[in-house]
Amino acid sequence: MSLPLIQVNPAGPSPARRALLTRRVRLFVAATITYNVIEAVVAITAGTIASSTALIGFGLDSIIEVASAAAVAWQFAGRDPEAREKTALRIIAVSFFALAAYVTVESVRALLGGADAEHSTVGLALAGLSLLIMPMLSYAQRRAGRELGSRSAVADSKQTLLCTYLSAVLLVGLAVNSLFGWSWADPIAALVIAAVAVKEGREAWKGDTCCAPNAALRATTRATATGDVPAGAATAAAGAADACVCRPGCSCCATPS
């Protein structure tokens, strides 16, 4: 007597839900690009006026943010975003490395005796505003990217979150410099951010496949339907993914939501 087949539903969101999530990712990317363009212009202008390396560096970081977000926008502009994902991840990784390199060089220059920056009210206001806006954008994009199973969207959300850290560093650095004249505080903190950028860049370059197991689970389901894989194996595979469509231990799941 043959045993009844176990029906295994495809993992991941439905086609309608995927379409909605894709539109959300595009919207978040557009908002990120728009804000960062404005942020770059304001920061570089204010940094030049105040002779602030930190402000100029923050503005250049905003340009890198635009490059990262544009890579995701290009990916989701195509009919098959998954086919463009590897290229988008490489662009994001390179932007992380470029950011780390610039921050490191400028921090070392500041520690070795760069020009003292002047007080900048505009810079303080910009850093505070970014500290409020960037975490919300990062959270929204990361949540949509994780449900969609998009590694590039998750990676870009980490880039946005890194901008939050830089905003905090800039705010503390400008405030401490204005209040106490401790010019060394900002470059020290910026070096820590550079180390984080290198780590995130390496993860994006390698492509953390655990953040997008949907394709593999769908393939397993198809194989079960044709009899190539036992139903029990497919059930185990489906159970290996948690509610955020990530396998246990994945870096994307470890990211606070």
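As the structure is a computational prediction, the values presented were derived from the model and not from experiment.

## A few points about the pattern of salt bridges
Part 1 of the reasoning: Per the stated rule, a full pass over the model turns up five salt bridges.
Part 2 of the reasoning: Among the ionic pairs, Arg-151 bridges to Glu-85, the shortest N-O distance being 2.8 Å. Note that Arg-151 is positioned in helix 5 (residues 151-180) and Glu-85 in helix 3 (residues 85-111), a separation of 66 residues in sequence.
Part 3 of the reasoning: Across the salt bridge formed by Glu-106 and Arg-109, the nearest N and O atoms sit 3.2 Å from each other. You can see Glu-106 and its partner Arg-109 sitting in helix 3, three residues apart, about one turn around the helix.

## Here's the deal with the packing of aromatic side chains
Each aromatic ring pair is characterised by the separation of its centres together with the angle its planes make.
Part 1 of the reasoning: Applying the stated criterion across every chain yields a total of zero aromatic pairs.
Part 2 of the reasoning: Taking the ring centre of Trp-205 as reference, the NZ or CZ of Arg-90 above it sits at 4.0 Å.

## Comments concerning the nonpolar core
Part 1 of the reasoning: Residues Val-25, Phe-58 and Ile-92 are the most contacted members of the largest nonpolar core, which totals 41 residues.
Part 2 of the reasoning: Broken down by secondary-structure element, the contributors of at least two residues to this core are helix 1 (15-50), helix 2 (53-77), helix 3, helix 4 (121-148), helix 5 and helix 6 (185-206).
Part 3 of the reasoning: When sequence neighbours within four positions are dropped, the list of residues in contact with Phe-58 reads Glu-39, Ala-43, Leu-126, Ser-130, Cys-163, Leu-166, Ser-167 and Leu-170.

## Quick notes on helix 5
Part 1 of the reasoning: For helix 5, spanning 30 residues, the distance from its first C-alpha to its last is 43 Å, which sits close to the expected 44 Å at 1.5 Å a residue.
Part 2 of the reasoning: Judged by how many residues are buried, helix 5 sits mostly within the fold: 21 of 30 residues are covered.
Part 3 of the reasoning: The N-cap residue of helix 5 is Ser-150: its side-chain oxygen and the backbone nitrogen of Ala-153 are 3.2 Å apart.
Part 4 of the reasoning: After helix 5 finishes, the residue Gly-181 shows a positive phi value of roughly 75 degrees.

## Overview of the packing of helix 1 against helix 4
Part 1 of the reasoning: It is at 10 Å that the axes of helix 1 and helix 4 come closest, and there the two elements cross at 160 degrees. Regarding the angle of helix 1 to helix 4, the classification is roughly antiparallel. The hand of the helix 1/helix 4 crossing is left-handed.
Part 2 of the reasoning: Of the residues belonging to the contact of helix 1 with helix 4, the class tally is 18 nonpolar, five polar and four charged.

## As for a nonpolar patch on the surface
Part 1 of the reasoning: On the surface, Leu-111, Leu-179, Phe-180, Trp-182, Trp-184 and Ile-188 cluster together into a nonpolar patch covering about 680 Å² of accessible area.
Part 2 of the reasoning: Inspection of the secondary structure puts Trp-182 in the loop between helix 5 and helix 6.
Part 3 of the reasoning: Classification of Trp-182 as partly exposed rests on a relative accessible area of 43%.

## As for the confidence of the model for the protein
Part 1 of the reasoning: Averaged over every residue, the pLDDT of the protein is 74; the share at 70 or more is 74%.
Part 2 of the reasoning: Within the protein, no element has a lower average pLDDT than helix 7 (residues 214-226), which sits at 43, and none a higher one than helix 4, at 89.
Part 3 of the reasoning: Across residues 1-10, where pLDDT falls below 50, the model places eight contacts with residues more than four positions away in sequence or in other chains.
Part 4 of the reasoning: In this model residues 251-257 is a low-confidence stretch, pLDDT under 50, and it forms 20 contacts with partners more than four residues away in sequence or in other chains.

## Considering helix 3
Part 1 of the reasoning: When the terminal C-alpha atoms of helix 3 are compared, their 39 Å separation across 27 residues agrees well with the 39 Å that a helix rising 1.5 Å per residue should span.
Part 2 of the reasoning: Among all positions of helix 3, only Glu-85, Ala-88, Leu-89, Ile-92, Ala-93, Ser-95, Phe-96, Leu-99, Ala-100, Val-103, Glu-106 and Ser-107 are buried.
Part 3 of the reasoning: At the exit of helix 3 stands Gly-113, carrying a positive phi of roughly 120 degrees.

Parameters at a glance
- Residues numbered from 1 in each chain as written.
- Predicted model: local features only at pLDDT ≥ 70, side-chain atom pairs only at ≥ 80, totals over all residues.
- Heavy atoms only, no water.
- Salt bridge = Lys/Arg side-chain N within 4 Å of Asp/Glu carboxyl O.
- Helix = DSSP H or I, 4+ residues; strand = E, 2+ residues; numbered from the N terminus.
- Phe/Tyr/Trp six-rings, centres within 6.5 Å; stacked < 30°, edge-to-face > 60°.
- Lys NZ or Arg CZ within 6 Å of the ring centre and 35° of its normal.
- Core = buried A, V, L, I, M, F, W, Y, C linked by side-chain atoms within 4.5 Å.
- Buried < 20%, exposed > 50% of the residue type's maximum accessible area, 1.4 Å probe, protein only.
- Contact = heavy atoms within 4.5 Å.
- Expected span 1.5 Å × (residues − 1).
- Polar contact = N/O pair within 3.5 Å; in protein donor to acceptor, adjacent residues only side chain to side chain.
- Axes fitted to C-alpha atoms, helices over the stretch in contact; angles between N-to-C directions.
- Parallel < 35°, antiparallel > 145°, perpendicular 65-115°, else oblique.
- Left-handed = near helix turned anticlockwise from the far one by under 90°.
- Nonpolar A, V, L, I, M, F, W, Y, C, P; charged D, E, K, R; others polar.
- Patch = residues over 30% accessible without salt bridge, like charges linked within 9 Å, V, L, I, M, F, W, Y side chains within 5 Å.
- Areas by Shrake-Rupley, 256 points an atom, 1.4 Å probe, with all protein chains shown as cover.
- pLDDT = per-residue confidence, 0-100.

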